[in-house]
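Listed below, chain by chain, are the residues.
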Amino acid sequence: MKCVDDFRLRLGKHELVPIVIGGMGVDISTADLALEAARLGGVGHISDAMVPTVSDRRYNTKYVKDKLKLYKYNVANTDKSDIQFDLALLAEATEAHVRNTMERKRGDGLILINCMEKLTMNAPKETLRVRLRSALDAGIDGITLAAGLHLGSFALMEDHPRFRDAKLGIIVSSLRALQLFIKKIARTNRLPDYIVIEGPLAGGHLGFGMDWAKYDLATIVAEIQAWLRTEKLDIPLIPAGGIFTGGDAALFLEHGAAAVQVATRFTVAKECGLPDDIKQEYFKANEDDIEVNGISPTGYPMRMLKNSPAIGDGIRPNCEAYGYLLDANGHCQYIDAYNREVAAHPGAKKIRVWDKTCLCTQMRNFDLWTCGHYTYRLKDTTRAEADGSYQLLTAAHIFNDYRYSKGDAIALPQG
Ligand SMILES: Cc1cc2nc3c(=O)[nH]c(=O)nc-3n(C[C@H](O)[C@H](O)[C@H](O)COP(=O)(O)O)c2cc1C
């Protein structure tokens, strides 16, 4: 029986342990978590979701406060179209996050940044261009294009000096999405360096409709493998979503995957950005405590714990401070839902909004507990303490469990 360590991921001149820790915004996949993956010879991700607020927290900057000051006049206004990001400041925040992370990198692994196209920021193209290019400027090893089809993203980087040397990958959930992408980028004469295939059991936003349960990761991987073969394209494939044990991972590698991308197991790592009390909520969760719902204003279904404080919370939209979900016309589905409830309950001190959530505020405050399908198995990966809480794990322990354990085995931490 094989284990993950019997395989290697080859990306250009790099030979890596084929374990990729997926990006988890907002700062759930911290620099510390990504750095551990790189130190151990694998691949880690930081996320570029809401980097200004991450920078304020980590590096004592005041991007959010300053932006709020600038747009304070608009806080009570239902029209948010005035709000714009200062592109120079956005570049500065991204560069600070990436540079600080890369300076601390040790070991032979890679650090990539997860970049979500769905963060439209009231100027989708301009802000995405700055986010991608400033990550390259600051020396990131590569960029994983996530959440959205990203059909124009390669073009936004095409004239950057690192366009051909940085690793560029894409996350897709279907063969069709991949075909569209490959067709669109043909003109740039550059293929993606890797393709993450994310199945329906992943955490965060899903690339499926509410019928996600009909789909199966292994089937999608096989379809994409077959198509690449007929097209004579040799691009490393990285399945993701529900790969919970080293044995699960080894099985995908035996069937031709180049690596696996995993995340849920690392939500209970000490290095993960979730506060420790919330990590205990992840440990405690049972299968029926988890749901896929439609409350994300991106329009994509999202998996989360049902007891997330974000669900039903009717907080006033914080676009003046954050504003990451504003589309090209300054709209966000949460603003519409919030305004509807305010109009329906005149004079009410507190309102509830059930159908949408203020994703920026809730993710920033760790009040939306997005998680993978197998979160309910996390309790089986550690030891319970005498007080009923669960022992947190180190990222290295989880990484090495994926790397060396065989079959259904999961290595428990030392007591
Ligand atoms: C808490 C959490 C947050 C996530 N956030 C993001 C994100 O911001 N962007 C993204 O592309 N994927 C995100 N994901 C998906 C992961 O990067 C990864 O592909 C997937 O969860 C792997 O499946 P697994 O969690 O079953 O191992 C998130 C996953 C989790 C568990």
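Predicted model, so just to flag it, every value in this text is computed and none were measured.

### Some thoughts on the overall build of the protein chain
- When helices and strands are counted, the protein chain shows 13 helices and 15 strands.
- A compact globule built from 415 residues should have a C-alpha radius of gyration of about 22 Å, and the protein chain, at 21 Å, falls within 12% of that.
- Along the first, second and third principal axes, the C-alpha atoms of the protein chain reach 65 × 60 × 40 Å.
- Relative to its 415 residues, the protein chain shows a buried fraction of 50%.

### Some remarks on the environment of Leu9
- On the secondary structure map, Leu9 appears in strand E1 (residues 9-11).
- Note on Leu9: 24 C-beta atoms within 10 Å, which makes it buried.
- Considered as a pair, Leu9 and Lys72 are 63 residues apart in the sequence and their alpha carbons are 49 Å apart.

### Focus on the sheet that holds strand E12 (residues 290-293)
- Taken in spatial order, the 3 strands of this open sheet run E9-E13-E12, and their pairing is antiparallel. At either end of the open sheet lies a strand with only one pairing partner, and these are strand E9 (204-205) and E12.
- Here E12 runs beside strand E13 (residues 302-305); their pairing, made up of 4 bridges, is antiparallel. Of the residues in E13, the one forming a bridge with Asn293 is Met302.

### Remarks on the site of the ligand
- In the vicinity of the ligand there are 30 residues, among which Gly22, Ala146, Gly203, Gly204 and Gly372 approach most closely.
- Those elements that provide at least two residues to the shell around the ligand are strand E5 (110-116) and strand E11 (260-262).

Criteria and thresholds
The residue numbering used here restarts from 1 in each chain and proceeds along that chain's sequence as written. For a predicted model such as this one, the threshold for reporting local features is a pLDDT of at least 70, and the threshold for listing and counting side-chain atom pairs is 80 or more; totals across whole chains, interfaces and linings nevertheless cover every residue. Helix numbering and strand numbering both begin at the N terminus, where a helix is a DSSP run of H or I of at least 4 residues and a strand a DSSP run of E of at least 2. Taken over C-alpha atoms, the radius of gyration is set against a globule rule of 2.2 Å times the number of residues to the power 0.38. Note on burial: count the other C-beta atoms lying within 10 Å of the residue's C-beta; 20 or more is buried, 12 or fewer is exposed, in between is partly exposed, and C-beta positions come from the backbone. Two strands pair if DSSP finds at least two bridges between them. Using a C-beta atom placed from the backbone, a residue is described as near a molecule or strand when that atom lies within 6 Å of it.

Note that every value here comes from positions in space, so none of it alone points to a role or purpose.
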